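The chain contents come next:
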Amino acid sequence: MPTSLPRLPNTIPSLPTLLSSCKTQNQLHQIHAHIIKKGLHRDQFLVGLSISLSTSLSYATSLFNGLFHPSTFLWNTLLKTYSRRSSFLQTFSLFIRMKREGGLPDKYTYPLVIKACSSEFKAWEGKMLHGLALKSGGKEDVFVGTSLVDFYGKIKEILNARKAFDEMSERNVVSWTALVVGYVHVDDFMEAKRVFDFMPERNVTTWNALMGWLVKTGDLKNARKLFDEMPERNVISYTTMIDGYAKAGDMASARFLFEQAPEKDIVAWSTLISGYEQNGQPNEAVKIFIRMGEMDVKPDEFILVSLMSACSQVGSLELARWVDCYLSRSEIDIRQAHVLAALIDMNAKCGNMDRATKLFEEMPKHDVVTYCSMIQGLAIHSLETQAIELFNRMISEGLIPDEVAFTIILNACSGAGLVEEGWYYFEIMKNEYSIVPTPDHYACMVDLLSRAGRLKAAYELIKSMPVEPHTGAWGALLGACKLHCDVELGELVAARLFDLEPLNAGNYVLLSNIYAAAEQWVDVSIVRNKMKDRGVRKIAGCSWI
C-alpha cells in the first residue's frame with residue numbers, strides 16, 4: 001500500500017498566496033510578521049518570495065541576512081532585486097560577497113551580474129565575469145553566452161561579441177537579436193542586416209533594433225518599409241516611427257501612426273506631444289495633452305515639461321496659469337531641475353513675472369538656463385532694464401554666459417535701443433568669454449544699430465562678418481532703410497536679399513515702399529515688373545472685421 005505524504009500545516013500553503021497578493025511594502029511587513037510568529041522566517045522559499053516582492057532594498061537585504069546558509073537560488077533572487085533597484089557597484093559588491101561567503105554561482109547568476117555591467121558599460125568587470133563564467137563551465141549555456149554577446153555589443157567591442165556568439169553551441173532568438181543590436185550600436189548596418197536576414201527566427205525586438213537604426217540615421221523611407229513588413233508590432237515599433245517622423249518635421253505621418261497604434265503607453269503620448277512642441281505646433285500639443293487626460297492617462301514630468309514649453313510658445317497667460325495649477329495638484333516634484341526650469345520659463349514668457357520671479361528666487365541654486373528664462377521673459381515684456389540688471393547679476397554670481405545667453409541680452413538691448421550696452425556685451429562676449437559670434441549675434445547687433453538709425457555702421461558690420469550673414473540681418477537692415485528713407489543703401493541690401501531669397505515677396509515690397517516714399521515711381525514700377533517676371537506674388541492682406 002503506498003505511503004501517504006505527510007500533511008503540511010494549514011498555514012504553509014496559504015502564506016505564498018498571501019505574499020503573492022501583496023500590493024504595498026506595508027502589507028509585506030504585516031505578512032512577514034505573521035511568518036515570524038509561525039517560526040517560518042528561515043524558510044528559504046518564503047524568504048525568496050518576500051525578497052522578490054519587496055520594493056525596499058534594505059528590507060530585502062535584512063531578510064536575506066537572517067539566513068544561515070542561503071541557497072544559490074536565494075543569492076540569485078537578491079542579485080536580481082539589486083540589479084533592478086540599485087547601482088552597479090552594489091550589485092557587483094553583492095556578487096563578490098557571494099563568492100567570499102561560499103556561494104556557488106550558476107548559469108543564472110552570471111547573466112544577472114553581466115547585465116549590470118552592460119547597463120553601465122563596465123568593461124573590466126564584465127571581462128572578469130566572462131573569465132569566471134568560463135571557469136565554472138558556463139561557456140556551453142545559452143543564457144551566459146547571450147549575456148556576453150549583449151555585454152560586448154553594449155561596450156562596442158563587436159569582434160568579441162561575434163566571437164562569443166560563434167562559440168555558443170546553442171543559440172536562441174535572443175542570442176541572435178543581441179548580435180544584431182551589437183552591430184547596430186557600432187553603426188555597422190550592413191552586417192546587422194546580414195545577420196538579420198540569416199536568423200532562423202526573429203522577434204519584435206530584432207525588427208525594432210534594425211528599424212531604430214534606420215530612424216536614427218534619418219532613413220525614414222526604408223524604416224517605414226521595414227515597419228510595414230513586420231509580422232507583429234508593439235508599442236515600441238510605433239513609437240520609434242512616430243519619433244522619427246516628428247524629428248523630420250512630418251507631424252502628419254507621426255499623428256497617423258499614433259492613431260493607428262493599438263496600444264499607446266506614456267512614451268508614445270510623450271513623443272507626440274514633444275513632436276508638436278518642437279515643430280512649432282504648440283496648440284496641437286496642448287490638445288493632445290487634454291485628450292490624454294480625458295483617457296485617464298497620467299502624465300509624467302517629461303510630458304509636463306513639453307507641455308510647459310508649448311505654453312511658452314503660445315504665450316497665453318490663462319493657459320500658463322492652468323498648467324501651473326495642474327502641476328501643483330499633480331504628484332510631480334517641481335523641485336526637479338528640468339521641471340522647475342520649464343515652469344519658470346513658461347511663466348516668464350507668458351507674462352506671469354511675479355510667479356516666475358518667486359520660483360526663481362526660491363531656487364537653492366541658479367544656473368544659466370533659468371537665468372536666461374528670466375532675462376528673456378523680462379525682455380519680451382518690455383522690461384529690458386531689469387533684464388540687463390539680471391544678466392549682470394548672473395555674471396556677478398560667477399556663472400559663465402553661453403551663446404544663447406548673449407543672444408538674449410543682445411535682443412534685449414535691441415528692443416530698448418541701448419546701443420552702447422549692446423556693443424559692450426558684444427565685445428566682452430568675444431574678448432572675455434572667447435565666444436565666436438554667430439550669425440544670430442550679428443543679426444542682433446545689426447538690428448540694434450538699424451533701430452538706432454546707424455545704418456552705415458550696421459552695413460559695415462554685416463560686411464565684416466567672417467561667416468555668411470543670414471537673411472535676418474539683411475532683412476532688419478532693409479526694414480531700417482525703409483524707416484529712415486535711405487534709398488541708396490536700401491538698393492544694395494535689397495539686391496543681396498533678392499539673391500538669397502528670390503521668391504520672398506516681402507523684400508520686393510519693402511524696396512518698392514522705399515522708392516514710393518522717395519517718390520521714385522519709375523523704380524516702383526521696375527520692382528513690380530521684376531516680381532511679375534520672377535513669378536513672385538504678394539500675399540494679399542486681410543481684415544478680421
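Everything numeric here is computed off the predicted structure, so don't read it as measured data.

1. Here we look at the overall build of the protein
(1) Moving on: On a plain count of helices and strands, the protein comes out with 32 helices and zero strands.
(2) Moving on: The C-alpha radius of gyration of the protein comes to 32 Å, more than 25% above the 24 Å expected for a compact globule of 545 residues.
(3) Moving on: Here the C-alpha coordinates of the protein stretch approximately 120 × 55 × 50 Å along the principal axes.
(4) Moving on: Taking all 545 residues of the protein together, 46% fall into the buried category.
(5) Moving on: Accessible surface for the protein amounts to roughly 28600 Å². Of this, 55% is attributable to carbon and sulfur atoms.

2. Considerations on the packing of aromatic side chains
Two aromatic rings are characterised by how far apart their centres lie and by the angle between their planes.
(1) Moving on: Tallied over the entire structure, the rule returns 23 aromatic pairs.
(2) Moving on: Ring centres of Phe196 and Trp207 lie 5.0 Å apart, and the angle between their planes is 85°; on these two criteria the pair is classed as edge-to-face. Residue Phe196 is found in helix H12 (residues 189-198), and its partner Trp207 is found in helix H13 (residues 204-216); the two are separated by eleven residues along the sequence.
(3) Moving on: Under the relative-accessibility criterion, Phe196 is labelled buried at 3%.
(4) Moving on: Since its relative accessible area comes to 9%, Trp207 is described here as buried.
(5) Moving on: Aromatic rings pair up to connect Phe391, Phe406, Tyr424, Tyr425 and Tyr433 into one cluster.
(6) Moving on: Sitting over the ring of Phe196, Arg202 keeps its end group 4.1 Å from the ring centre.
(7) Moving on: Over the ring of Phe258 we find Lys264, and its NZ or CZ is 5.3 Å from the ring centre.

3. What to know about the nonpolar core
(1) Moving on: Core analysis: the biggest nonpolar cluster contains 175 residues, and Ile409, Tyr425 and Leu477 have the highest contact counts within it.
(2) Moving on: Filtering out sequence-adjacent residues up to four positions away, Ile409 remains in contact with Ile375, Ala387, Ile388, Phe391 and Tyr425.

4. Observations concerning empty space enclosed by the protein
(1) Moving on: This model, assessed by the stated rule, comprises one cavity of 30 Å³ or more.
(2) Moving on: Empty space within the largest cavity amounts to approximately 60 Å³.
(3) Moving on: Every residue along the wall of the largest cavity is listed here: His130, Leu134, Lys139, Gly145, Leu148, Ala164, Glu167 and Met168.
(4) Moving on: Counting residues per element, the ones that place at least two in the lining of the largest cavity are helix H8 (123-135) and helix H9 (142-154).
(5) Moving on: Across the lining of the largest cavity, the residue classes break down as four nonpolar, two polar and two charged.

5. A word on the pattern of salt bridges
(1) Moving on: Evaluated as defined, the whole model comprises 26 salt bridges.
(2) Moving on: With a closest N to O distance of 3.2 Å, Asp345 and Lys349 form a salt bridge. Of this pair, Asp345 and Lys349 both sit in helix H21 (residues 337-349), four residues apart, which is roughly one turn of that helix.
(3) Moving on: A salt bridge links Lys430 to Glu427; the shortest N-O distance between them is 3.6 Å. Residue Lys430 and its partner Glu427 are located together in helix H26 (residues 419-431), separated by three residues, close to a single helical turn.
(4) Moving on: Sharing partners across several salt bridges, the network here consists of Arg255, Glu259, Glu284, Lys287 and Arg291.

6. So, a positive patch on the surface
(1) Moving on: Residues Lys80, Arg84, Arg85 and Lys115 make up a contiguous surface patch of positive charge.
(2) Moving on: Per element, the largest residue contribution to the positive patch is three residues, and it comes from helix H5 (residues 72-85).
(3) Moving on: Of note, Lys80 is situated in helix H5.

7. Re the packing of helix H18 (residues 282-294) against helix H19 (residues 301-314)
(1) Moving on: Closest axis-to-axis distance for the H18/H19 pair is 8 Å, and the angle between their directions is 140°. Taken as axis vectors, H18 and H19 run oblique relative to one another. For the crossing formed where H18 meets H19, the hand is left-handed. Contacts between H18 and H19 involve Pro282, Asn283, Ala285, Val286, Phe289 and Met292 from the first element and Ile303, Leu304, Leu307, Ala310, Gln313 and Val314 from the second.
(2) Moving on: Grouping the constituent residues of the contact of H18 with H19 by class yields ten nonpolar, two polar and no charged.

8. Brief notes about unusual backbone geometry
(1) Moving on: The backbone phi angle of Phe121 is positive, close to 55°, even though this residue is not glycine.
(2) Moving on: Structurally, Phe121 is set in the loop between helix H7 (109-119) and H8.

9. Description of the layout of surface pockets
(1) Moving on: In this structure, the largest pocket occupies an estimated 820 Å³ of space.
(2) Moving on: Residue lining of the largest pocket: 29 residues in total, with Lys80, Tyr108, Pro111, Leu112 and Lys115 positioned closest to the centre.
(3) Moving on: Looking at the lining of the largest pocket, the elements with two or more residues in it are helix H3 (44-53), H5, H7, H9 and helix H11 (173-185).
(4) Moving on: Broken down by element, the lining of the largest pocket gets its largest block of residues, eight residues, from H5.
(5) Moving on: Counted by class, the lining of the largest pocket contains eight nonpolar, 14 polar and seven charged residues.
(6) Moving on: In this structure, the second largest pocket occupies an estimated 290 Å³ of space.
(7) Moving on: Lining of the second largest pocket is provided by 14 residues; of these, Gly212, Val215, Lys216, Thr240 and Asp243 occupy positions nearest its centre.
(8) Moving on: For the lining of the second largest pocket, the elements supplying multiple residues, two or more each, are H13 and helix H15 (235-247).

How each quantity is defined
Per-chain numbering applies: the sequence of each chain, read as written, is numbered from 1 onward. This being a predicted model, a pLDDT of at least 70 is required before a residue's local features are given, and a value of 80 or more before pairs of side-chain atoms are given or counted; all residues contribute to the totals for chains, interfaces and linings. No hydrogens and no water enter the side-chain calculation; it runs on all heavy atoms of the structure. A helix here means a DSSP run of H or I that spans at least four residues, while a strand means a run of E at least two residues long, and both kinds are numbered starting from the N terminus. Note that the radius of gyration is over C-alpha atoms, with the globule rule given as 2.2 Å times the number of residues to the power 0.38. Throughout, exposure labels follow a simple rule: accessible area from a 1.4 Å probe, protein chains only, divided by the maximum for the residue type, with under 20% read as buried, over 50% as exposed, and the rest as partly exposed. Each accessible area is a Shrake-Rupley estimate made with a 1.4 Å probe; only the visible protein chains count as cover when residues are assessed. For Phe, Tyr and Trp, where Trp contributes only its six-membered ring, two rings pair if their centres lie within 6.5 Å, and the inter-plane angle classes them as stacked under 30 degrees, edge-to-face over 60, or tilted in between. Here, over-ring charges are defined by two tests on the NZ atom of lysine or the CZ atom of arginine: distance to the ring centre within 6 Å, and angle to the ring normal within 35 degrees. By convention a nonpolar core is built from buried Ala, Val, Leu, Ile, Met, Phe, Trp, Tyr and Cys residues, the set being connected through side-chain atoms within 4.5 Å. Contacts were defined at the residue level, with two residues in contact if any of their heavy atoms lie within 4.5 Å. Of the two site types, the cavity is a set of points on a 1 Å grid over the protein atoms alone where a 1.4 Å probe fits but cannot get out, and the pocket is an open set with protein on both sides within 12 Å along at least five of seven lines, each lined by residues with an atom within 4 Å of a point. Grid points are joined across faces, edges and corners, and a volume is the space filled by probe spheres set on the points. Put simply, Ala, Val, Leu, Ile, Met, Phe, Trp, Tyr, Cys and Pro go in the nonpolar bin, Asp, Glu, Lys and Arg in the charged bin, and everything else, Gly too, in the polar bin. Salt bridges, as used here, are contacts in which a Lys or Arg side-chain nitrogen is within 4 Å of a carboxyl oxygen on Asp or Glu. By definition, no residue in a patch forms a salt bridge, and every one has over 30% relative accessible area; like charges are joined within 9 Å, nonpolar side chains (Val, Leu, Ile, Met, Phe, Trp, Tyr) within 5 Å. Only four residue types enter the tally: Lys and Arg on the positive side, Asp and Glu on the negative side, with His and both chain ends excluded. To locate a charge, take NZ of a lysine, CZ of an arginine, CG of an aspartate or CD of a glutamate. Axis definition: a line fit to C-alpha positions, over the contact stretch in the case of helices; interaxial angles, taken between N-to-C directions, run 0 to 180 degrees. With respect to orientation, any angle under 35 degrees is reported as roughly parallel, any angle over 145 as roughly antiparallel, any angle of 65 to 115 as roughly perpendicular, and every other angle as oblique. In this scheme the handedness of a crossing depends on how the near helix is turned from the far one: anticlockwise by less than a right angle means left-handed, clockwise means right-handed.

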